Amino acid sequence: MIEFIIFSRWTEDLEELKRQRVRLLGDCLLASAFLSYLGAFTWDFRRDMFRGEWEKDVLNRNIPVSQPFKLDTFLTNDVEISRWTSEGLPPDELSIENGILTTQASRYPLCIDPQQQALNWVKKKEEMNNLKVRQGCDGSGKGQRGKKFKAGKSGNFILSQRKLLF
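Figured I'd write up the structure that's included with this text. (Residues numbered from 1 in each chain as written. Predicted model: local features only at pLDDT ≥ 70, side-chain atom pairs only at ≥ 80, totals over all residues. Heavy atoms only, no water.)

Here we look at the overall build of the protein chain
Basically, it comes down to this: In this description a helix means any DSSP run of H or I spanning at least four residues, a strand means any run of E spanning at least two, and both kinds are numbered starting from the N terminus. Areas reported as accessible are Shrake-Rupley estimates using a 1.4 Å probe. Residue values count occlusion only from the protein chains shown.
Of regular secondary structure, the protein chain possesses 7 helices and 2 strands. Along the chain direction, N to C, the helices and strands of the protein chain fall in the order α-α-α-α-α-α-β-α-β. As displayed, the protein chain has an accessible area near 12,100 Å², and 56% of this comes from carbon and sulfur atoms.

Right under this line is the structure:
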């Protein structure tokens, strides 16, 4: 009886893996588009572009994709999200997306952070990695470029922050 239950579970897991493999193309397409293009935009724009345009386009082209597609389950896991929240990142969808962009994107992330939640999270997350914090330059860039280059060349992490007033 126990052997049948184990075999049945393995069979079900195998079938689910086969279904996931079929949807992998669409899932990777959406995830890579998100990582490549949506980092610098607001949550509303991200949602409209991702759900309103890209996901619909993928479905209209009959590209298999997970339904519903969830970035957080595809690009990270619950353990990592729990670690982020324990480090000070809020658990809302925008913050989780920013966490994904910060940890998964190949380019530097741009965080528009009026409440400085992402700033505090990055500082806490990277304090053990010799994080260097620099204030944004005045536009002339005097002195900043050389310091950033030296810090980056030596393997240190650099956080450049600038307050903009509107």
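That shown, we press on.
Some details on the environment of Leu119
The residue Leu119 is located in helix α6 (residues 117–126) in this model. Between the C-alpha atoms of Leu119 and Gly88, which are 31 residues apart in sequence, the distance is 9.7 Å.

Comments concerning the pattern of salt bridges
Defined as follows: Any carboxyl oxygen of Asp or Glu that lies within 4 Å of a side-chain nitrogen of Lys or Arg is treated as forming a salt bridge with it. The rule is simple: take the accessible area with a 1.4 Å probe, protein chains only, and divide by the maximum for that residue type; under 20% is buried, over 50% is exposed, in between is partly exposed.
With the rule as written, the count across this model stands at 10 salt bridges. Between Asp44 and Arg47 there is a salt bridge; the shortest N-O distance is 3.5 Å. Placement of both Asp44 and Arg47 in helix α2 (residues 43–60) is noted, with a separation of 3 residues, approximately one turn of the helix. A relative accessible area of 43% means that Asp44 is categorised as partly exposed. Overlapping salt bridges, with partners in common, bring together Glu16, Arg19 and Arg23 in one network.

A look at the environment of Gly88
Take Gly88: it is sitting in the loop between α4 (78–86) and α5 (93–104). Of the residues examined, Gly88 reaches a relative accessible area of 44% and is grouped as partly exposed. Separated by 33 residues in the primary sequence, Gly88 and Trp121 have C-alpha atoms spaced 5.2 Å apart.

Some remarks on the nonpolar core
This is how the line gets drawn: Definition used in this section: a nonpolar core is a set of buried Ala, Val, Leu, Ile, Met, Phe, Trp, Tyr and Cys residues joined via side-chain atoms within 4.5 Å. Throughout, a residue-residue contact means that at least one pair of heavy atoms, one from each residue, lies within 4.5 Å.
Judged by nonpolar contacts, the single largest core of 21 residues is most densely connected at Leu30, Phe34, Phe50, Phe69, Leu71, Trp84 and Ile100. Those elements that place two or more of their residues in this core are α1 (2–37), α2, α3 (71–75), α4, α5 and α6. For Phe34, the residues in contact, after removing those within four places along its chain, are Gly39, Arg46, Phe50, Trp54, Leu71, Glu97, Ile100 and Leu101.

A short note on the packing of α5 against α6
Threshold: Every axis corresponds to a line fitted to the C-alpha atoms, with the helix fit spanning only the stretch in contact, and the corresponding angles, defined between N-to-C directions, vary from 0 to 180 degrees. Small angles under 35 degrees read as roughly parallel and large ones over 145 as roughly antiparallel, with 65 to 115 read as roughly perpendicular and the rest as oblique. Throughout, a crossing is termed right-handed when the near helix is turned clockwise from the far one, and left-handed when it is turned anticlockwise from it by less than a right angle.
Remark: α5 packs on α6, axes separated minimally by 12 Å, with the N-to-C direction vectors making an angle of 40°. Accordingly, the angle class assigned to the pair α5 and α6 is oblique. Crossing geometry of α5 relative to α6 is assigned as right-handed. Here Gly99, Thr102 and Thr103 of α5 come into contact with α6, specifically with Trp121, Val122 and Lys125.

Examining a negative patch on the surface
Inclusion rule: Patches were defined on residues exceeding 30% relative accessible area and lacking a salt bridge, with like-charge contacts within 9 Å and nonpolar side-chain contacts (Val, Leu, Ile, Met, Phe, Trp, Tyr) within 5 Å. The charge count treats Lys and Arg as positive and Asp and Glu as negative. His and the chain ends do not count. Note that the charge is assigned to NZ on lysines, CZ on arginines, CG on aspartates and CD on glutamates.
On the surface, Asp72, Asp78, Asp92 and Glu93 cluster together to form a negatively charged patch. Mapped onto the fold, Glu93 is located in helix α5.

Here we look at the environment of Arg134
With respect to the helices and strands, the residue Arg134 is situated in strand β1 (residues 132–135). In this structure the C-alpha to C-alpha distance between Arg134 and Leu159, which are 25 residues apart in sequence, comes to 6.1 Å.

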